[in-house]
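Letter by letter, the chains look like this.
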Amino acid sequence: MESAEPEITDKRLLRGSRTRRLVLGRAVDIASLDSLEGLSFGRLATDTGLSKAGIQTLFRNKEALQLATIDYFREVFIDTVTRPALAEPRGVRRLRALIDHWIDYAAEPLFEGGCFQSANLAEFDSRPGPVRDALADNQRAWVDLVAGELAYAVEHGEIADLDTDLAAFQIDAVLRAANTALRLGDGDAVSKVRRVVEGFLAAP
């Protein structure tokens, strides 16, 4: 996944872009707390001090707002978790960096309700449509990234042979469980995640 926006020089368009990002910044926080179903133009107008009509002009309808919020989350997640880890060499070191950045993202937390994906996957996993598809794309991209680094580590003899798809599935499940534990005040959640991940990274 790549997130890159062209430079905007027109002042009117720049104001519109800033307003859009202000709204989406609040929308992603609300969605992390109450899921994407909790979004409304009225609530966003109240929270941002903007007019409801102005926000509706930007996003047209609730589904468009939900999809824009998912896109915004994806950009922030890439910038916060994925891209910094890419500075590390492929394999074990990059995987550890991905997990470290993910833990920081959830534990800080970056969004008011913790992990955005965790808050929304359960809400939409049985509801076919563009919102579910966008969330599923994010999920596949993340799990595939983890699986790819595990496969690289196996191929280059850094770790013992394992089912990389299954291991990536398990690591993701542990991360989502840790997000819930962190929200409930479990101070040991981070160390538990690290112990589980290290179990997959045993040398051959």
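Residues numbered from 1 in each chain as written. Predicted model: local features only at pLDDT ≥ 70, side-chain atom pairs only at ≥ 80, totals over all residues. Heavy atoms only, no water.

Digging into the nonpolar core
Most often, soluble globular proteins keep nonpolar side chains buried together rather than apart.
Okay, so step 1: Residues L36, W102, Y105, F116, W142 and L150 are the most contacted members of the largest nonpolar core, which totals 57 residues.
Okay, so step 2: Among residues more than four places away in sequence, those in contact with F116 are V28, A31, S32, L36, T69, I70, F73, Y105, F111 and L135. (Core = buried A, V, L, I, M, F, W, Y, C linked by side-chain atoms within 4.5 Å. Buried < 20%, exposed > 50% of the residue type's maximum accessible area, 1.4 Å probe, protein only. Contact = heavy atoms within 4.5 Å.)

Quick notes on the side chain of R94
Okay, so step 1: Summarising the element assignment, R94 is placed in helix α5 (residues 92-107).
Okay, so step 2: Ignoring any residue separated from it by four or fewer positions in sequence, one finds R94 in contact with A85, L86, E88, P89 and E149. (Helix = DSSP H or I, 4+ residues; strand = E, 2+ residues; numbered from the N terminus.)

Some thoughts on the packing of aromatic side chains
Okay, so step 1: A complete count under the given rule lists seven aromatic pairs for this structure.
Okay, so step 2: Ring geometry for F77 against W142: centres 5.5 Å apart, planes inclined by 85 degrees, an arrangement best described as edge-to-face. Of this pair, F77 sits in helix α4 (residues 62-85) while W142 sits in helix α7 (residues 130-155), and the two are 65 residues apart along the sequence. Judged on exposure class, the residue F77 and its partner W142 are both buried.
Okay, so step 3: Clustering of aromatic rings is evident, with ring pairs tying together F73, F77, W102, Y105, F111, F116 and W142. (Phe/Tyr/Trp six-rings, centres within 6.5 Å; stacked < 30°, edge-to-face > 60°.)

Describing empty space enclosed by the protein
Okay, so step 1: Throughout the structure, instances matching the rule amount to one cavity of 30 Å³ or more.
Okay, so step 2: Space inside the largest cavity adds up to approximately 100 Å³.
Okay, so step 3: In terms of lining, the largest cavity is formed by twelve residues, of which the most central are F73, F77, Q117, N138 and W142.
Okay, so step 4: The class makeup of the residues in the lining of the largest cavity is seven nonpolar, three polar and two charged. (1 Å grid on protein atoms, 1.4 Å probe; cavity = no way out; pocket = protein on both sides within 12 Å on 5 of 7 lines; lining within 4 Å. Points joined across faces, edges and corners; volume = space filled by probe spheres on them. Nonpolar A, V, L, I, M, F, W, Y, C, P; charged D, E, K, R; others polar.)

What to know about the confidence of the model for the protein
Okay, so step 1: Here the protein averages 92 in pLDDT, and 92% of its residues register 70 or above.
Okay, so step 2: α7 holds the highest mean pLDDT among the elements of the protein, 98, whereas helix α1 (residues 11-34) holds the lowest, 84.
Okay, so step 3: The model gives residues 2-10 a pLDDT under 50, and that stretch makes eleven contacts with residues more than four places away or in other chains. (pLDDT = per-residue confidence, 0-100.)

Some details on helix α6 (residues 116-124)
Each full turn of the α-helix corresponds to 3.6 residues, which orients residues three or four apart in the same direction.
Okay, so step 1: Among the residues of α6, F116, Q117, N120, L121 and F124 are the ones counted as buried. For α6, the angular spread of buried residues about the axis comes to 110 degrees, placing them on one side. (Arc of directions from axis to C-beta.)

Describing the pattern of salt bridges
Oppositely charged side chains are able to pair whenever their charged atoms sit close together.
Okay, so step 1: Throughout the structure, instances matching the rule amount to 17 salt bridges.
Okay, so step 2: D79 is the partner of R83 in a salt bridge, and the nearest nitrogen-oxygen pair spans 2.2 Å. Here R83 and its partner D79 are both found in helix α4, four residues apart, which amounts to about one turn of the helix.
Okay, so step 3: Note on R83: relative accessible area 33%, which makes it partly exposed.
Okay, so step 4: Its relative accessible area of 42% is what places D79 among the partly exposed residues. (Salt bridge = Lys/Arg side-chain N within 4 Å of Asp/Glu carboxyl O.)

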